[in-house]
Amino acid sequence: LHCIQAMHSTGLVFIDVKTDNFMLAPSGKTAAERIRLIDFGLVESINDMTTAKHREDVEGSPLVGTPTYASINVMSGHTPSRRDDLEALGYVICELILSLASGAKGGKDNLLPWSGAKSDDELLMMKKLDMDATKRSKSNLFGLLKACGSDVVMENYFNSVMALKYTATPDYDSLCCYLKKLVVTVQS
């Protein structure tokens, strides 16, 4: 979260938030201090270059980023914004939780319920169903997270992120407070 916040504080949107774009540096006092973002190929300015104001949301924008992690808004043809980076980060965190809980060693494939979708349209439909706040009790993702003891924290995180308006500045401190409560139950 701090890496994404730092990116946003410079007026940039990362766009391609996914597990493959994080790495651990060899030195640092804590694991959190070792986390680094890599691959800045899709980074864009939050601001319009001519007006210096937040850029407009253009409906019908092409999908950019990795569909498995892309936000529902981006997959639906909206211009990426800070909220979309944070939604994608939520999916990365969910994948990490599920990997830890399952004991997966190095292999992360197909941990998110929509990972095996046959098309971007199918993936979007599955993601919309799983992320619908009114149907979370039937959600595949939140069912998996509940088994790990992480559903409430991630529900709070996603509710906060998905309620953000396109131009809104996220409350990173609140999001950080949610994530600090994250505990993953690992079955042996």
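Scroll up to find the structure.
Because the structure is a prediction, the values reported are computed rather than measured.

**Q** Is there a simple way to think about the side chain of Thr 79 in this case?
**A** Positionally, Thr 79 belongs in the loop between α3 (72-75) and α4 (82-102). Looking at Thr 79, the relative accessible area reads 9%, which means it is buried. Here Val 58 takes part through its backbone nitrogen, which lies 2.8 Å from a polar atom of the side chain of Thr 79. Looking at Thr 79, its side chain comes within polar contact range of the side chain of Ser 61, at 3.3 Å. Thr 79 has contacts with Arg 55, Glu 56, Asp 57, Val 58, Ser 61, Asp 84 and Tyr 166, leaving out every residue within four places of it along the chain.

**Q** Looking at this structure, how should I read the nonpolar core?
**A** A general trend in soluble globular proteins is that nonpolar side chains are found buried together. Counting 42 residues, the largest nonpolar core has Leu 86, Leu 89, Leu 141, Met 154 and Tyr 157 as its most contacted members. Of all the secondary structure elements, the ones that give two or more residues to this core are α1 (2-9), α3, α4, α5 (120-131), α6 (140-147), α7 (151-162) and α8 (172-180). Here this core gets ten residues from one element, more than from any other, and that element is α4. In contact with Leu 89, other than residues within four places in its own chain, are Leu 1, Ile 4, Val 17, Phe 22 and Tyr 157.

**Q** Explain the side chain of Lys 127 to me, please; I cannot follow it from the model alone.
**A** In this fold, Lys 127 is placed in helix α5. Despite its burial, Lys 127 pairs with no opposite charge, the nearest such side chain being Glu 87 at 5.8 Å. At 3.2 Å, the side chain of Lys 127 forms a polar contact with the backbone oxygen of Thr 68. Excluding anything up to four places from it in sequence, Lys 127 contacts Pro 67, Thr 68, Tyr 69, Ala 70, Ile 72, Met 75, Tyr 91 and Trp 114.

**Q** How should I be thinking about the pattern of salt bridges in this particular structure?
**A** In a structure, side chains of opposite charge can pair up when their charged atoms sit close to one another. In the structure shown here, the tally under the stated rule is five salt bridges. For the salt bridge of Arg 55 with Glu 44, the shortest nitrogen-to-oxygen distance reads 2.4 Å. Taken together, the residues Arg 55 in the loop between β4 (44-45) and α3 and Glu 44 in strand β4 connect sequence positions eleven residues apart. A residue is classified by how much of its surface remains accessible, and Arg 55, at 12% relative accessible area, is buried. Note that Asp 84 is salt-bridged to Arg 83, the shortest N-O span being 3.8 Å. Grouping residues by exposure puts Asp 84 and Arg 83 together as buried.

**Q** Just to check I follow, could you spell out the packing of aromatic side chains for this structure?
**A** For the structure shown, the criterion picks out five aromatic pairs. Measuring from ring centre to ring centre gives 6.2 Å for Phe 142 and Phe 158, while their planes differ by 80°; the resulting arrangement is edge-to-face. One end of the pair, Phe 142, is in helix α6; the other, Phe 158, is in helix α7, and 16 residues separate them in sequence. Assigned by exposure class, Phe 142 and Phe 158 land together as buried. Taken together, a centroid distance of 5.6 Å and an interplanar angle of 85° make the contact between Tyr 157 and Phe 158 edge-to-face. For the pair formed by Tyr 157 and Phe 158, the shared burial category is buried. In this structure an aromatic cluster arises from ring pairing among Tyr 91, Trp 114, Phe 142, Tyr 157 and Phe 158.

Criteria and cut-off values
Residues numbered from 1 in each chain as written. Predicted model: local features only at pLDDT ≥ 70, side-chain atom pairs only at ≥ 80, totals over all residues. Heavy atoms only, no water. Helix = DSSP H or I, 4+ residues; strand = E, 2+ residues; numbered from the N terminus. Buried < 20%, exposed > 50% of the residue type's maximum accessible area, 1.4 Å probe, protein only. Polar contact = N/O pair within 3.5 Å; in protein donor to acceptor, adjacent residues only side chain to side chain. Contact = heavy atoms within 4.5 Å. Core = buried A, V, L, I, M, F, W, Y, C linked by side-chain atoms within 4.5 Å. Lys, Arg positive; Asp, Glu negative; His and termini not counted. Salt bridge = Lys/Arg side-chain N within 4 Å of Asp/Glu carboxyl O. Phe/Tyr/Trp six-rings, centres within 6.5 Å; stacked < 30°, edge-to-face > 60°.

In short, geometric facts, not functional conclusions.
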